[in-house]
Amino acid sequence: MSSVPVSAFLALALILFCIGLYGALTKRNTVIVLISIELMLNAVNINLVTFSKYGVNPSITGQVFALFAIAVAAAEAAVGLAILIALYRNRRTVNIDEMNQLKN
Amino acid sequence: MTLTGEFFAFMSLALVAVIGGVLLLNLTKVIHMVVALVFTFVSIAGIYVLLSAEFVAVVQVMIYSGAITIIMLFGIMLTRHHGEEAEPKGGGLRKLLLFLGVLGFGAAVYLGIYDLNFEAVPNTLHENNTEQIGISLYSQYIIPFELTSVILLVALVGAIVLARKDDEKEGDKE
């Protein structure tokens with residue numbers, strides 16, 4: 001039996017998710033918003049791996065799922081950064097408040 | 001709850017992870033924020049080791065602490081910053097409301113998980129972890145695995161096209 005309860009892992013993931021959510025909603029720099037989203041994805045991965053070990057039905061599936069999530073997150077970071085560079089070429093800014101071309 | 005090495009390892013890793021996250025929110029320079037988050041990513045890799053997911057831990061160090069951090073640093077260095085996060089206009093009330101909203105969300109989820117306890121089922125995840133993942137990937141999850149390669153290819157091509165488009169336009173003007 002483990003000495004660390006399963007709820008401790010879930011609480012850590014919850015704290016990291018909340019930090020990422022707050023950062024993504026309040027920060028004005030697009031790079032920081034992107035990296036906050038990565039932090040939220042990481043918190044979700046902790047949950048997946050935790051349930052793969054301590055869940056009702058422990059199996060390797062949770063870890064495989066976490067690997068898929070990491071692959072998709074890496075692709076998302078690359079595309080997000082490419083969009084950021086393209087926007088920067090057009091508008092000379094990384095401030096997220098000024099990225100409103102789709103508004104009008 | 002007994003005080004064992006596993007418990008201490010978990011507490012210290014969790015502490016470093018949360019401190020990295022808090023520094024992300026509070027530092028002023030953008031580069032420092034990204035470097036602070038590296039601590040969080042490495043600590044999460046340690047948490048994966050505690051959860052007997054060694055392969056995922058190594059992947060975490062390579063992809064997050066390595067690739068994604070470097071790509072974000074490139075993104076910062078290729079764009080011009082004033083070095084510091086610009087102060088948002090009229091942000092006080094908005095920030096407070098957002099903080100309360102996120103706090104409420106956290107409290108609601110915590111109510112659901114704080115007394116969660118499953119029966120400990122003996123498992124063999126720690127034995128030949130990488131081999132188990134490989135067998136599972138190539139037998140049960142072969143179609144999602146191949147689809148992931150398509151996603152990576154699309155992301156690669158899309159990123160190149162997006163980042164190069166304006167170069168050609170500027171070249172036409174000249």
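Engineer: Hey, could you run me through the overall build of chain B in this one?
Structural biologist: For chain B, the count of helices and strands is six helices and zero strands. The N-to-C order of helical and strand elements in chain B reads α-α-α-α-α-α. Taking all 174 residues of chain B together, 31% fall into the buried category. A sequence separation of at least 24 residues applies to 58% of the contacts in chain B between residues at least 6 apart.

Engineer: Even after reading the chapter, I still don't get the nonpolar core, so can you show me in this structure?
Structural biologist: Burial of nonpolar side chains together is a common tendency in soluble globular proteins. Formed by 66 residues in total, the largest nonpolar core has its most connected members in L12(A), F10(B), Y48(B), V56(B) and M72(B). Those elements that place two or more of their residues in this core are helix 1 (6-26), helix 2 (30-54) and helix 3 (61-91) of chain A together with helix 1 (5-26), helix 2 (30-50), helix 3 (54-78), helix 4 (91-113) and helix 5 (129-139) of chain B. Per-element tally for this core: the top contributor is helix 1 of chain A, with eleven residues. When residues are assigned to domains, this core turns out to be shared by domain 1 (1-86) and domain 2 (129-174) of chain B, each giving three or more.

Engineer: Sorry if this is basic, but what is going on with the environment of P5(A) here?
Structural biologist: Within the secondary structure, P5(A) is located in the segment before helix 1. A relative accessible area of 28% places P5(A) in the partly exposed class.

Engineer: Could you clarify how one ought to interpret the packing of helix 1 of chain A against helix 2 of chain A in this entry?
Structural biologist: Packed helix pairs are characterised by how far apart their axes lie and by the angle those axes make with each other. Residue and element names in this part refer to chain A. Relative to each other, helix 1 and helix 2 sit at 165°, their axes nearing to 8 Å. In terms of axis orientation, helix 1 runs roughly antiparallel to helix 2. For the pair helix 1 and helix 2, the sense of crossing is left-handed. Contact with helix 1, carried on its side by V6, F9, L10, L12, A13, L16, F17, I19, G20, L21, G23 and A24, involves V33, S36, I37, L39, M40, A43, V44, I46, N47, T50, F51 and Y54 of helix 2 and no other residues of that element.

Engineer: Sorry if this is basic, but what is going on with the interface of chain A and chain B here?
Structural biologist: Interfaces are frequently sized by the accessible area removed from exposure as the parts join. On the chain B side, the residues contacting the 73 residues of chain A number 79 residues. Together, the buried faces of chain A and chain B total about 7,000 Å²; carbon and sulfur atoms form 77% of this surface. One can count zero salt bridges joining chain A with chain B. Remark: the boundary between chain A and chain B carries six residue pairs in polar contact (both at pLDDT 80 or more). Sorting the residues of the side of chain A that touches chain B by element identifies helix 1, helix 2 and helix 3 of chain A as the ones contributing at least two each. Top element by residues in the side of chain A that touches chain B is helix 3 of chain A. It accounts for 23 residues.

Engineer: Explain helix 3 of chain B here, please?
Structural biologist: Residues three or four positions apart in an α-helix share a direction because the helix packs 3.6 residues into each turn. In a regular helix each residue adds 1.5 Å, so 25 residues correspond to 36 Å; helix 3 of chain B covers 35 Å between its end C-alpha atoms and thus fits that length. In the structure, helix 3 of chain B departs most strongly from a straight axis at T69(B), where the bend amounts to approximately 25°. Within helix 3 of chain B the residues assigned to the buried category are V56(B), A57(B), V59(B), Q60(B), Y64(B), S65(B), I68(B), T69(B), M72(B), L73(B), G75(B) and I76(B). Among the structural elements, helix 2 and helix 3 of chain A together with helix 2 and helix 5 of chain B are those in contact with the buried residues of helix 3 of chain B.

Conventions and cut-offs
- Residues numbered from 1 in each chain as written.
- Chains lettered and ligands numbered in written order.
- Predicted model: local features only at pLDDT ≥ 70, side-chain atom pairs only at ≥ 80, totals over all residues.
- Heavy atoms only, no water.
- Helix = DSSP H or I, 4+ residues; strand = E, 2+ residues; numbered from the N terminus.
- Buried < 20%, exposed > 50% of the residue type's maximum accessible area, 1.4 Å probe, protein only.
- Contact = heavy atoms within 4.5 Å.
- Core = buried A, V, L, I, M, F, W, Y, C linked by side-chain atoms within 4.5 Å.
- Domains from an automatic or database assignment.
- Axes fitted to C-alpha atoms, helices over the stretch in contact; angles between N-to-C directions.
- Parallel < 35°, antiparallel > 145°, perpendicular 65-115°, else oblique.
- Left-handed = near helix turned anticlockwise from the far one by under 90°.
- Buried area = accessible area lost by both parts, 1.4 Å probe.
- Salt bridge = Lys/Arg side-chain N within 4 Å of Asp/Glu carboxyl O.
- Polar contact = N/O pair within 3.5 Å; in protein donor to acceptor, adjacent residues only side chain to side chain.
- Expected span 1.5 Å × (residues − 1).
- Bend = angle between axes of the 7 residues up to and from the residue.

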